[in-house]
Amino acid sequence: KQTIRQGPYESIISYKQRFNSALKAYQDQDNPKMDDKDVAMDFFRSLDNARYGDFKIDTMNNMTSKAIEPPENLNAMYLLANQWLKPNTKPYPTGFATTFVTTLDMPGVKCEQCKWIRKI
């Protein structure tokens, strides 16, 4: 069972380096050779769900529907994940919008408090 996971603040670059080190340690212990596609899917499954959850869901759906083929190896999976564009999760990307009108913005309207009429 695989126990390596990407940390919540770990970049994908440093995680791939750590993953490669763990894979090398596995291979150095004369364990059974893993298929390249299996290694790629192990990397895929161990990506941080908070940042790559949408990517993982989309990729699995696309592989299930045969829209894409599973990546052939670890490097192909890494490139796919690294180049994935993360969606903007802010409900209002530019902040909250507020609109209001004052009597000073309306030409020819008398201001009751100011006792004058603005003319433009």
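Shown above is the structure to which this text applies.
A quick note: this is a predicted structure, and the numbers were derived from the prediction, not measured.

Analysis parameters
Residues numbered from 1 in each chain as written. Predicted model: local features only at pLDDT ≥ 70, side-chain atom pairs only at ≥ 80, totals over all residues. Heavy atoms only, no water. Helix = DSSP H or I, 4+ residues; strand = E, 2+ residues; numbered from the N terminus. Contact = heavy atoms within 4.5 Å. Areas by Shrake-Rupley, 256 points an atom, 1.4 Å probe, with all protein chains shown as cover. Salt bridge = Lys/Arg side-chain N within 4 Å of Asp/Glu carboxyl O. Buried < 20%, exposed > 50% of the residue type's maximum accessible area, 1.4 Å probe, protein only. Phe/Tyr/Trp six-rings, centres within 6.5 Å; stacked < 30°, edge-to-face > 60°. Lys NZ or Arg CZ within 6 Å of the ring centre and 35° of its normal. Polar contact = N/O pair within 3.5 Å; in protein donor to acceptor, adjacent residues only side chain to side chain.

### Regarding the overall build of the chain
Scanning the chain from N- to C-terminus turns up four helices and two strands. Traced from its N-terminal end to its C-terminal end, the chain shows the element sequence α-α-α-α-β-β. In the chain, of all internal contacts separated by at least 6 residues, the share reaching a separation of at least 24 is 55%. Surface summary for the chain: the accessible area is close to 9,300 Å², and the carbon and sulfur share equals 55%.

### Focus: the pattern of salt bridges
Scanning the entire structure with this criterion turns up five salt bridges. The partner of Glu10 in a salt bridge is Arg18, with the nearest N and O atoms 2.9 Å apart. The exposure class assigned to Glu10 is buried, which follows from its relative accessible area of 16%. Note on Arg18: relative accessible area 35%, which makes it partly exposed. Its salt-bridge partner being Lys24, residue Asp28 comes within 2.9 Å of it at the nearest N-O pair.

### Quick notes on the packing of aromatic side chains
Using the criterion set out here, one finds seven aromatic pairs in the structure. Centre to centre, the rings of Tyr52 and Phe55 are 6.3 Å apart; their planes meet at 80°, and the pair counts as edge-to-face. You can see Tyr52 and its partner Phe55 sitting in helix H3 (residues 49-64), three residues apart, about one turn around the helix. Three or more aromatic residues joined by ring pairs make a cluster, and in this case those are Phe44, Tyr52, Phe55 and Trp84. Positioned over the ring face of Tyr78 is Lys16, at 5.4 Å from the centre of the ring.

### Thoughts on helix H2 (residues 36-45)
Buried residues of H2: Val39, Ala40, Met41, Asp42, Phe43 and Phe44, and no others. Looking at the buried positions of H2, the neighbouring elements they touch are helix H1 (12-28), H3 and helix H4 (74-82). Two or three places before Lys37, at the start of H2, stands the capping residue Asp35, its side-chain oxygen 3.2 Å from that residue's backbone nitrogen.

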